[in-house]
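So the chains spell out like this:
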Amino acid sequence: MKQTEYITEYYNNYDEDARLESKHGQVEFLTTMRYIEKYLRPNSKIIEIGAGTGRYSHTLANMGYHVDAVELVEHNIEIFKQHTRPNEPVTIVQGNALSLDGFEDNTYDITLLLGPMYHLFDTESQQKALSEAIRVTKPNGIIFAAYCNNDATIVQFCFGRRYLENEHYKALIDPVTFKAAQFPSQPFSLYRREDIDTLMSIFDVSRLHYIGTDMATNFMREEIDSMSEELFETYLRYHFSICERADMVGATHHMLDVFRKN
């Protein structure tokens, strides 16, 4: 099975909208939007590469920004279109993050790469996706790239759910470093900060933020989802206060790398 087929099969059977609408899913969404909004300017032109069902694209379009969305999976595109309102300033095309041939250089003020890095399993593909995102961004434009964290996954699944007692999963984890192996047949590609730094070292960009977008949230989903609105708002304030702390970000399940094109 090709890598694109694994991705398509996964999202054909996964309810991304439901995840982001739960309280614990809102933490990642609200954190990401909080940082996007720092860099929005009047008439900012936005592209979302790997737009999924359109949660971010539609939110930004409904704020009045023009958004061009690119998505690989036809199932997600159908849902995206169902969510599109009449006269909403958003477009959606099927495409691959590794080859944005239909998009010109230096076009967008804000580029969102919030899903593709989850599903790319070799350095060449990962750097190609980053290169394409940077290419279509204007000089001084801002790129947001999201990643899944290796070690939060190890803690939650390998130990919390005892996957290491299963020989299949045990074989995927380095017994010394506890780095997960990368295979297209696995749902997600997992990273550490040093992996991301290595990927980014070839590009002429300046990092602005390195953020844990959910931090401890996914370790306590049930507790988060059962919080009162008042306690949840307090939790969000706490989360926002720690999500860039270097001593804390390693606990997150999802990282957001925000950088400027030089």
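Residues numbered from 1 in each chain as written. Predicted model: local features only at pLDDT ≥ 70, side-chain atom pairs only at ≥ 80, totals over all residues. Heavy atoms only, no water.

## Focus: the overall build of the protein
Argument step 1. Regarding its fold elements, the protein presents 11 helices and eight strands.
Argument step 2. Relative to a compact globule of 262 residues, whose C-alpha radius of gyration would be 18 Å, the protein shows 18 Å and is just as compact.
Argument step 3. With respect to the three principal axes, the spread of C-alpha positions in the protein is 50 × 45 × 35 Å.
Argument step 4. By residue count, 50% of the 262 residues in the protein fall in the buried class.
Argument step 5. For the protein, the computed accessible surface area is about 12,800 Å², with 50% contributed by carbon and sulfur atoms.
Argument step 6. Across the protein, the centroid of the 25 positively charged side chains sits 4 Å from that of the 39 negatively charged ones. (Helix = DSSP H or I, 4+ residues; strand = E, 2+ residues; numbered from the N terminus. Rg over C-alpha atoms; globule rule 2.2 N^0.38 Å. Buried < 20%, exposed > 50% of the residue type's maximum accessible area, 1.4 Å probe, protein only. Areas by Shrake-Rupley, 256 points an atom, 1.4 Å probe, with all protein chains shown as cover. Lys, Arg positive; Asp, Glu negative; His and termini not counted. Charge placed at Lys NZ, Arg CZ, Asp CG, Glu CD.)

## Points about the packing of aromatic side chains
Argument step 1. Following the criterion strictly, the structure yields eight aromatic pairs and no others.
Argument step 2. Seen from their ring centres, phenylalanine 29 and tyrosine 56 are 4.9 Å apart, and the 40 degrees between their planes marks the pair as tilted. Here the residue phenylalanine 29 occupies a position in helix H3 (residues 23-39), and tyrosine 56 occupies one in helix H4 (residues 55-62), the gap between them amounting to 27 residues. Tyrosine 56 matches phenylalanine 29 in its accessibility class, with the two residues each being buried.
Argument step 3. Taking 6.2 Å as the distance between ring centres and 70 degrees as the angle between the ring planes, the aromatic pair formed by tyrosine 118 and phenylalanine 188 counts as edge-to-face. With tyrosine 118 in the loop between strand S4 (108-113) and helix H6 (123-135) and phenylalanine 188 in the loop between helix H8 (167-170) and strand S6 (190-191), this pair connects stretches of sequence that are 70 residues apart.
Argument step 4. The class of phenylalanine 188 is partly exposed, set by a relative accessible area of 29%.
Argument step 5. The ring of phenylalanine 232 carries the charged tip of lysine 23 above its face, separated from the ring centre by 6.0 Å.
Argument step 6. The aromatic ring of tyrosine 210 is capped on one face by arginine 193, whose charged end is 4.2 Å from the ring centroid. (Phe/Tyr/Trp six-rings, centres within 6.5 Å; stacked < 30°, edge-to-face > 60°. Lys NZ or Arg CZ within 6 Å of the ring centre and 35° of its normal.)

## Some words on the nonpolar core
Argument step 1. Ranked by internal contacts, the top residues of the largest apolar core, which has 38 residues, are Ile36, Ile46, Leu60, Ile110, Leu112 and Phe144.
Argument step 2. Take this core: its biggest share by element is five residues, from H3.
Argument step 3. Beyond its immediate stretch of four places on either side in the chain, phenylalanine 144 contacts Tyr35, Ile36, Tyr39, Ile110, Thr111, Leu112, Leu113, Leu114, Leu256, Asp257 and Val258.
Argument step 4. One finds Leu130, Ile143, Met200 and Phe203 within the second-largest nonpolar core, a separate group that totals 28 residues. (Core = buried A, V, L, I, M, F, W, Y, C linked by side-chain atoms within 4.5 Å. Contact = heavy atoms within 4.5 Å.)

## What about the packing of H6 against helix H9 (residues 193-200)?
Argument step 1. The N-to-C vectors of H6 and H9 enclose an angle of 65 degrees; their axes lie 10 Å apart at closest approach. Helix-helix and strand crossings are classified by hand; for H6 and H9 the assignment is right-handed. Only Thr198, Leu199 and Met200 of H9 make contact with H6, whose side of the interface consists of Thr123, Gln126, Gln127 and Leu130.
Argument step 2. For the contact of H6 with H9, a count of residues per class yields three nonpolar, four polar and no charged. (Axes fitted to C-alpha atoms, helices over the stretch in contact; angles between N-to-C directions. Left-handed = near helix turned anticlockwise from the far one by under 90°. Nonpolar A, V, L, I, M, F, W, Y, C, P; charged D, E, K, R; others polar.)

## Thoughts on the side chain of glutamate 132
Argument step 1. Structurally, glutamate 132 is set in helix H6.
Argument step 2. Judged by its relative accessible area of 5%, glutamate 132 falls in the buried class.
Argument step 3. Among the polar contacts made by the side chain of glutamate 132, one reaches the side chain of arginine 135 at a distance of 2.8 Å.
Argument step 4. When residues no more than four places from it in sequence are discounted, the contact partners of glutamate 132 are Ala97, Leu98, Ser99, Leu100 and Asp101. (Polar contact = N/O pair within 3.5 Å; in protein donor to acceptor, adjacent residues only side chain to side chain.)

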